[in-house]
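In case you want the letters, here they are:
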Amino acid sequence: MGVSENEFIIQTTLLTGKILLESGAETSRVEDTMERIIRKSLGDDAAKSYYTYVTLSGVFVKTNLHESSFLRIDTRGYNLEKVVSVNQISRDYTSNQISLLDMYHKLKQLDLDTSKDALYKQLFFTGLLSGSIVLIFGGNWTDLPSSVISGIVAYFIFQKLSNLADYPFIFEFLSTFIGGLVGYFIHLFIGTNINLTMIGTVIPLVPGIGITNAIRDLMARHYISGIIRLFESLFIAAALGCGVALVISMVN
């Protein structure tokens, strides 16, 4: 491997934290998983000379010998399937079902896996989400076409724009604005409540996981990460709201 045993442990620990953080896991989960791997690899007594630190921009492992290793986090998204896979791999390692080397190879393979569900599946479930939320809020069946189509359009545009570049908040605004316009014109032919159409437009892009993780981080006393996640989620929500608000103000 070309590295010492301790260095390999640190590399595996950092890789675990990287995948979790990039996949949308909360900071407390990332830090706890990394520490469990170190304790299992070194033993409880030796592990006391190591400590981990997790931020939204990187993961750290430092020793009492003033040696530290760092792995930068360039992108963050939400892939709960990867989070579940990493948790299972780490459990298998801590329960002696796999070796550290096996764990590293599994993590490497998982890190390189960029496969996603087919776009048509994503759009199908997006439509179900937009339609069901309208019914939950008391809408009727005539409100479904405009809300479902506008939600699908907004999500589709956001996915395409996100693949081209990374401009936070702007793409959320543009996606809901265009989706809201489409929903409004459909609403002119069928539909009774324009507000429900706008709800169906924004709901697929609402940062629910981000808000949940922010609250969990704050409760776990990871205040910096929690506040950053919370403000990020609130700015995204504001961008979504501005998109549909502009549509409503234009048509009125």
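Residues numbered from 1 in each chain as written. Predicted model: local features only at pLDDT ≥ 70, side-chain atom pairs only at ≥ 80, totals over all residues. Heavy atoms only, no water.

The name an unreviewed UniProt entry gives the protein is Threonine/serine exporter-like N-terminal domain-containing protein, with Listeria fleischmannii FSL S10-1203 as the organism. Within the UniProt record for the protein, the comment given under Subcellular location (unreviewed entry) is "Cell membrane". UniProt, in its Sequence similarities (unreviewed entry) section for the protein, records the words "Belongs to the ThrE exporter (TC 2.A.79) family." (UniProt positions renumbered as here; feature names shortened; annotations may be inferred.)

(A) Highlighting the packing of aromatic side chains. As enumerated under the stated definition, the model contains eight aromatic pairs in all. Geometrically, the ring pair formed by Tyr-53 and Phe-60 is tilted, given 6.0 Å between the ring centres and 50° between the ring planes. Residue classification places Phe-60 among the partly exposed residues on the basis of a relative accessible area of 30%. Following the ring pairs from residue to residue traces out a cluster consisting of Tyr-53, Phe-60 and Phe-70. (Phe/Tyr/Trp six-rings, centres within 6.5 Å; stacked < 30°, edge-to-face > 60°. Buried < 20%, exposed > 50% of the residue type's maximum accessible area, 1.4 Å probe, protein only.)

(B) Expanded view of a nonpolar patch on the surface. Among the surface-exposed residues, Tyr-53, Phe-60, Phe-70, Ile-224 and Ile-228 lie close enough to one another that they form a single nonpolar patch of about 490 Å² accessible area. With respect to the secondary-structure elements, Tyr-53 resides in strand β1 (residues 50-55). (Patch = residues over 30% accessible without salt bridge, like charges linked within 9 Å, V, L, I, M, F, W, Y side chains within 5 Å. Areas by Shrake-Rupley, 256 points an atom, 1.4 Å probe, with all protein chains shown as cover. Salt bridge = Lys/Arg side-chain N within 4 Å of Asp/Glu carboxyl O. Helix = DSSP H or I, 4+ residues; strand = E, 2+ residues; numbered from the N terminus.)

(C) How the structure looks around the packing of helix α1 (residues 5-22) against helix α4 (residues 80-94). For the pair α1 and α4, interaxial distance at closest approach is 8 Å and the crossing angle is 155°. What the angle tells us is that α1 and α4 run roughly antiparallel. Note that α1 runs across α4; the crossing there is left-handed. Touching Thr-16, Ile-19 and Leu-20 of α1 are Lys-82, Val-83, Val-86 and Asn-87, all from α4. A breakdown of the residues in the contact of α1 with α4 according to their chemical character gives four nonpolar, two polar and one charged. (Axes fitted to C-alpha atoms, helices over the stretch in contact; angles between N-to-C directions. Parallel < 35°, antiparallel > 145°, perpendicular 65-115°, else oblique. Left-handed = near helix turned anticlockwise from the far one by under 90°. Contact = heavy atoms within 4.5 Å. Nonpolar A, V, L, I, M, F, W, Y, C, P; charged D, E, K, R; others polar.)

(D) Looking closely at the sheet that holds β1. Strand order in the open sheet formed by three strands is β1-β2-β3, and the pairing between neighbours is antiparallel. Either end of the sheet is taken by a strand with one partner, and the two such strands are β1 and β3 (68-72). Taking each pair of neighbouring strands and ignoring which way they run, the sheet shows an average axis angle of 10°. Sheet analysis places strand β2 (residues 58-63) next to β3, joined by five bridges and oriented antiparallel. Bridged to Val-59 within β3 is Leu-71. Together, β1, β2 and β3 form the strand contacts of α1, whose direction differs from that of β2 by roughly 155°. Contacts from helix α2 (residues 27-42) reach β1 and β2, with the element oriented near 160° to β1. (Pairing = 2+ DSSP bridges.)

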